[in-house]
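# Geometric and topological summary
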Amino acid sequence: MSELRAVHPVLNVRDVRASISWYVAQLGFEERFVDDGDAPNYGGIGRDEVEVHLQWHSPEEWDQGLTGSTYRFLVADPDALFVEFVGRSDLLDGRQVEDTAWGTREFGLYDPDRNALFFYRDLDDSGN
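Summarised in this report is the structure supplied together with it. (Residues numbered from 1 in each chain as written. Predicted model: local features only at pLDDT ≥ 70, side-chain atom pairs only at ≥ 80, totals over all residues. Heavy atoms only, no water.)

## Observations concerning the overall build of the chain
Within the chain, the secondary structure is distributed over three helices and eight strands. Counting from the amino terminus, helix and strand elements in the chain follow one another as β-α-β-β-β-α-β-α-β-β-β. The globule rule puts the C-alpha radius of gyration for 128 residues at 14 Å, and the 15 Å found for the chain is close to it. Buried positions account for 37% of the 128 residues belonging to the chain. Considering only contacts in the chain between residues 6 or more positions apart, those separated by 24 or more positions represent 50%. (Helix = DSSP H or I, 4+ residues; strand = E, 2+ residues; numbered from the N terminus. Rg over C-alpha atoms; globule rule 2.2 N^0.38 Å. Buried < 20%, exposed > 50% of the residue type's maximum accessible area, 1.4 Å probe, protein only. Contact = heavy atoms within 4.5 Å.)

Structural data, given as structure tokens:
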């Protein structure tokens, strides 16, 4: 079985760049990454061993009552965990493990309450 290493909450935000600035200035976090320097849709901030991810959502999504939470689990080997989960159920039918633009290898699924669960490792980490 693949070892679970950490979980990173993903906060829904209206403006990733403005949110990063607020967390840095107000709470002493640091910017860890963004998917696009000028107009990011996804980014991460951290302080000490804690990392929080920020995900942009459109005004329409906010108007429609954005729901559910997203959790990111840092794992040693997302490919092995994917195979394990496929062996347990059909939750991952049609899904695959993918490399992302923000430098991770990951897959995701929803729980029965529509909470999004992502399992990933950094691409520059061999998983060891």
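## Considerations on helix H1 (residues 16–27)
If you check H1, its first and last C-alpha atoms are 16 Å apart, about what 12 residues at 1.5 Å a residue would give, namely 16 Å. Taken residue by residue, H1 has Val-16, Ser-19, Ile-20 and Tyr-23 as its buried positions. Seen end-on, H1 carries its buried residues on one side only, within an arc spanning 100 degrees. Counted as exposed and oriented over 90 degrees from the buried face of H1: Ala-25 and Gln-26. Turning to H1, the residues buried within the fold contact strand S1 (4–13), strand S2 (30–34), strand S3 (42–47) and strand S4 (50–56). For H1, the N-terminal capping position is held by Asp-15, with its side-chain oxygen 3.1 Å away from the main-chain nitrogen of Arg-17. Just downstream of H1 lies Gly-28, where phi reads positive at about 75 degrees. (Expected span 1.5 Å × (residues − 1). Arc of directions from axis to C-beta. Polar contact = N/O pair within 3.5 Å; in protein donor to acceptor, adjacent residues only side chain to side chain.)

## Thoughts on the nonpolar core
Counting nine residues, the largest nonpolar core is built from Val-75, Leu-81, Phe-82, Leu-92, Val-97, Phe-107, Leu-109, Leu-117 and Phe-119. Broken down by secondary-structure element, the contributors of at least two residues to this core are helix H3 (78–88), strand S7 (104–110) and strand S8 (116–122). Core analysis: the second largest hydrophobic core is formed by eight residues, Ile-20, Ile-45, Val-52 and Leu-54 among them. (Core = buried A, V, L, I, M, F, W, Y, C linked by side-chain atoms within 4.5 Å.)

## Details of the packing of aromatic side chains
Pairs of aromatic rings are described using the distance from one ring centre to the other and the angle between the two planes. Across all of its chains, the model carries nine aromatic pairs by this definition. Their ring planes at 85 degrees and their centres at 5.0 Å tell us that Trp-22 and Tyr-23 sit as a pair that is edge-to-face. By relative accessible area, which is 44% here, Trp-22 ends up partly exposed. The buried category is assigned to Tyr-23, whose relative accessible area is 18%. Each ring, one from Phe-85 and one from Phe-107, has its centre 5.9 Å from the other, and the planes form 80 degrees; the classification is edge-to-face. Residue Phe-85 is located in helix H3, and its partner Phe-107 is located in strand S7; the two are separated by 22 residues in the primary sequence. The exposure class of Phe-85 is partly exposed, given its relative accessible area of 21%. An aromatic cluster is defined as three or more aromatic residues linked by ring pairs; in this entry it consists of Phe-73, Phe-82, Phe-85, Phe-107 and Phe-119. Over the aromatic face of Trp-62 sits the side chain of Arg-14, whose NZ or CZ is 4.0 Å from the ring centroid. Directly above the aromatic system of Tyr-120 lies the positively charged group of Arg-72, at a separation of 4.3 Å from the ring centroid. (Phe/Tyr/Trp six-rings, centres within 6.5 Å; stacked < 30°, edge-to-face > 60°. Lys NZ or Arg CZ within 6 Å of the ring centre and 35° of its normal.)

So far we have only geometry, and geometry alone does not tell us how the molecule works.
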